Amino acid sequence: MTEDPPDLGQLKTDLCAAIDVAASIDALEAVRVHALGKQGEVTRLLKTLGGMTPEERKAEGPKINGLRADIAEAIESKKVAIEADELEARLASESLDMSLPPRETPRGSVHPVSQVMDELAEIFADLGFAVATGPEIEDDWHNFTALNIPESHPARAEHDTFYFPEEAGEDGKTMLLRTHTSPVQIRTMMNEEPPIRIIAPGRTYRSDSDATHTPMFHQVEGLVIDRDITMGHLKWTLETFVKAFFERDDIVLRLRPSYFPFTEPSAEVDVGYSLKDGKRIIGGDPNAEEGGWMEILGSGMVNRRVIEACGLDPDEWQGFAFGCGIDRLAMLKYGMDDLRAFFDGDQRWLDHYGFSALDVPTLSAGVGA
Ligand code: DAH
C-alpha cells in the first residue's frame, strides 16, 4: 500500500511473515506478544497517537488501528489453521486397539428385592398371572374404605399411616402413602373385566422402624377373580408358588383361620421349617423335633363387600387374594438377618447379596439360579 508510511508497511510485512512461519500455537503466541502485547510493536505505535496533533491523529489513527486489526485477524486465522493441523496429525498417529482386554470397571448388581420381584413375576406368569401396579400415593378410599376397612380400624390411625396434609387431595380426598399393595386389587377390579389373575409387587409404607420393620418396605399382592373359585384353588396356588420360590418339593403349608376385613373367610399361611446346621430353613418336616411353623403370608376369599365396592356382582364373581412381604421372602431365601441393611445402600452389603444382571430368573433354569 503505497500511501502507508514506510515503517507501517514494513512492520506489517514483517509481522505477517512471522505469523506465516509460526508452526505451533506457542510460536504464534510469541508473535502475538511481540506485536500486540503490552510492550508490543503495534501497541507502541498506538501509544504514539496520544502525543500527536489532532490533524496527525486523524491521519495516522485509522492506519495504526487498521494495522492492529489486520494483525489480530491474521493471528486468529493462523491459530485456527494450526489447531486443525494438530488435530489431523493426532488422528493420523493415534489408533484404537480393538484387541485390548476391557478395563476392570466397578459393576452394579441387582438388589435382592428386585431379584425376588423378578422371581415372583416369573413364577406367577407360569400360572397365568399378569403383573399389575398402582400408585404409592393413594387415597383413603382405595387403601381402606373399598377394602372394607372401617373408620375405626387401628390401621387408619395417624401413628401407623403417613397421611398428606388435607389440601393435597383433589375433591376433598384424603391422600396417604399406601400401607399395603391391596389397593391394587381395587384398581384392577374397577378397570378390568373378570376373569382376573394378577400379582402386584411394590413399595408400601408404615410408621414403623426396628430390625424387622422399616418405614418403607415391599409387598406382593395376589388376586384371582373368576367364577366358582374356592379355597382349594387358593391353597394349590400358594403351595405351587412357595415350592417354586424356595426350590424345594418337601414344603408343607398350614392355613390358620384369621381375620382380614377384605377377605372372608381369611387364613394366615404358615410354612414348615426344619433345622440344618443350626439354622432354620424352609422345608423339611415341621413336626420333627427341631422343626416348626413360620407365618409367611395372609390370604382369604375376597369379601363380597369388596367385590361389590368395585361394581361387580358377588353372586357371579368370587375369588381369592393374598398378601406377602417381599423383603421377608428375600431374607428367608437368601439368609439376611437385618431388614434395615436392605435400604442402607452399603456397597459391601450389595456386593455380597446382590445378583448379577445376567442372572435373570427363569423357571427352566431355576428362579434363584
Ligand atoms: N394387606 C395385608 C397387610 O398388609 C396383607 C393381606 C392379607 C393381603 C390377606 C391380602 C389378603 O390380599 O388376602 O397386612
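Residues numbered from 1 in each chain as written. Predicted model: local features only at pLDDT ≥ 70, side-chain atom pairs only at ≥ 80, totals over all residues. Heavy atoms only, no water.

Where do I start with the pattern of salt bridges in this structure?
Opposite charge on two side chains allows them to pair when their charged atoms are near. Scanning the model with the defined rule gives 20 salt bridges in all. For Asp 70, the salt bridge identified is with Lys 12, shortest N-O distance 2.8 Å. Here Lys 12 lies in helix H1 (residues 6–21) and Asp 70 lies in helix H4 (residues 54–93), a separation of 58 residues in the sequence. A relative accessible area of 35% means that Asp 70 is categorised as partly exposed. Between Glu 151 and Arg 156 there is a salt bridge, with its nearest N and O atoms 3.9 Å apart. (Salt bridge = Lys/Arg side-chain N within 4 Å of Asp/Glu carboxyl O. Helix = DSSP H or I, 4+ residues; strand = E, 2+ residues; numbered from the N terminus. Buried < 20%, exposed > 50% of the residue type's maximum accessible area, 1.4 Å probe, protein only.)

Even after reading the chapter, I still don't get H4, so can you show me in this structure?
For an α-helix, 3.6 residues make a turn, and residues three or four places apart therefore share a direction. In this model H4 runs 58 Å from its N-terminal to its C-terminal C-alpha over 40 residues, within 8% of the 58 Å that 1.5 Å per residue would give. Largest kink in H4: about 35°, centred on Glu 60, with the proline Pro 62 one to four residues after it. Buried within H4 are the following residues: Glu 60, Gly 61, Ile 64, Leu 67, Ile 71, Ile 75, Lys 78 and Ile 82. (Expected span 1.5 Å × (residues − 1). Bend = angle between axes of the 7 residues up to and from the residue.)

What am I meant to see in the site of the ligand here?
The full set close to the ligand counts 15 residues, and His 180, Ser 182, Arg 206, Gln 219 and Glu 221 are the nearest of them. Between the ligand and the protein, one listed contact pairs a nitrogen atom with a side-chain N or O atom of His 180 at 2.9 Å. Contact distances for the ligand include 2.9 Å between an oxygen atom and a side-chain N or O atom of Gln 219. Relative to its unbound accessible area of 350 Å², the ligand is 89% covered by the protein chains. When contributions to the shell around the ligand are tallied by element, the ones reaching two or more residues are strand S5 (216–226), strand S9 (292–302) and strand S10 (318–325). The residue makeup of the shell around the ligand, split by class, is four nonpolar, nine polar and two charged. (Near = heavy atom within 4 Å. Polar contact = N/O pair within 3.5 Å; in protein donor to acceptor, adjacent residues only side chain to side chain. Areas by Shrake-Rupley, 256 points an atom, 1.4 Å probe, with all protein chains shown as cover. Nonpolar A, V, L, I, M, F, W, Y, C, P; charged D, E, K, R; others polar.)

Would you mind going over the domain arrangement of the chain with me for this structure?
Quoted interface sizes are often the accessible area lost when the parts come together. Domain parsing of the chain yields domain 1 (8–92) and domain 2 (112–353). Put simply, the middle of domain 1 and the middle of domain 2, counted by C-alpha atoms, are 78 Å apart. (Domains from an automatic or database assignment.)

Whenever I open this one, the nonpolar core confuses me. Can you help?
Across soluble globular proteins, you tend to see nonpolar side chains buried next to one another. If you look at the biggest cluster of nonpolar residues, it comprises 41 residues, and the most contacted ones within it are Leu 120 and Phe 241. Looking at this core, the elements with two or more residues in it are helix H5 (112–126), S5, helix H8 (231–246), strand S7 (263–276), S9, S10, helix H10 (326–334) and helix H11 (347–353). With six residues, the top contributor of residues to this core is H8. In contact with Leu 120, not counting residues within four places along its chain, are Ile 199, Val 220, Phe 241, Phe 245, Ile 326 and Leu 329. (Core = buried A, V, L, I, M, F, W, Y, C linked by side-chain atoms within 4.5 Å. Contact = heavy atoms within 4.5 Å.)

Sorry if this is basic, but what is going on with the packing of aromatic side chains here?
Scanning all chains against the criterion turns up ten aromatic pairs. Ring plane angle 20° and centroid distance 5.8 Å describe the contact between Phe 260 and Phe 262, whose orientation is recorded as stacked. For the pair formed by Phe 260 and Phe 262, the shared burial category is buried. Here the basic side chain of Lys 333 rests over the ring of Phe 245, its NZ or CZ set 4.4 Å away from the ring centre. (Phe/Tyr/Trp six-rings, centres within 6.5 Å; stacked < 30°, edge-to-face > 60°. Lys NZ or Arg CZ within 6 Å of the ring centre and 35° of its normal.)

Any chance you could explain unusual backbone geometry here in plain terms?
For residues that are not glycine, phi is negative in most cases, and the peptide bond is trans in most cases. At the junction of Pro 194 and Pro 195, the peptide bond is cis and its omega measures out at 5° in the coordinates. With a phi close to 55°, Asp 171 is a non-glycine residue in the positive phi region. Relative to the helices and strands, Asp 171 is located in the loop between helix H6 (140–143) and strand S3 (175–177). Backbone geometry at Asp 277 places phi at a positive 50°, although glycine is not the residue there. You can see Asp 277 is positioned in the loop between S7 and strand S8 (279–282). On the basis of relative accessibility, which here comes to 76%, the residue Asp 277 falls in the exposed class.

I tried to follow the environment of Ile 282 on my own but got confused; where do I start?
Relative to the helices and strands, Ile 282 resides in strand S8. Relative accessible area serves as the criterion here: at 7%, Ile 282 is assigned to the buried category. Separated by 205 residues in sequence, Ile 282 and Ser 77 place their C-alpha atoms 77 Å apart. With residues up to four places along the chain from it excluded, the contact list for Ile 282 reads Phe 246, Arg 248, Ile 251, Val 271, Gly 272, Tyr 273, Met 294 and Leu 332.

Is there a simple way to explain the side chain of Ser 266 in this structure?
When you line up the elements, Ser 266 lands in strand S7. Polar contacts involving the side chain of Ser 266 include one to the main-chain amide nitrogen of Phe 260, which spans 3.1 Å.

How do you make sense of the packing of H5 against H8 when you look at a structure like this?
Helix-helix packing: each pair is described by the crossing angle between the helix axes and the interaxial distance. H8 packs onto H5 with a crossing angle of 130° between their chain directions and a minimal axis gap of 10 Å. Relative to H8, the element H5 is oriented oblique. Considering the relative orientation of H5 and H8, their crossing is right-handed. Counting all contacts with H5, which are made through Val 116, Glu 119, Leu 120, Ile 123 and Phe 124, the residues of H8 involved are Thr 237, Phe 241, Ala 244 and Phe 245. Partitioned by chemical class, the residues of the contact of H5 with H8 number seven nonpolar, one polar and one charged. (Axes fitted to C-alpha atoms, helices over the stretch in contact; angles between N-to-C directions. Parallel < 35°, antiparallel > 145°, perpendicular 65-115°, else oblique. Left-handed = near helix turned anticlockwise from the far one by under 90°.)

Whenever I open this one, the pairing of S8 confuses me. Can you help?
Regular strands show a simple pattern: their side chains alternate between the two faces of the sheet. For S7 and S8, the ladder comprises four bridges, and the chain directions are antiparallel. Looking at the pairing, Tyr 273 lines up with Ile 282 of S8. Hairpin geometry of S7 and S8 is characterised by an intervening segment of two residues between the two adjacent antiparallel strands and by a positive phi of about 50° at Asp 277. (Pairing = 2+ DSSP bridges.)

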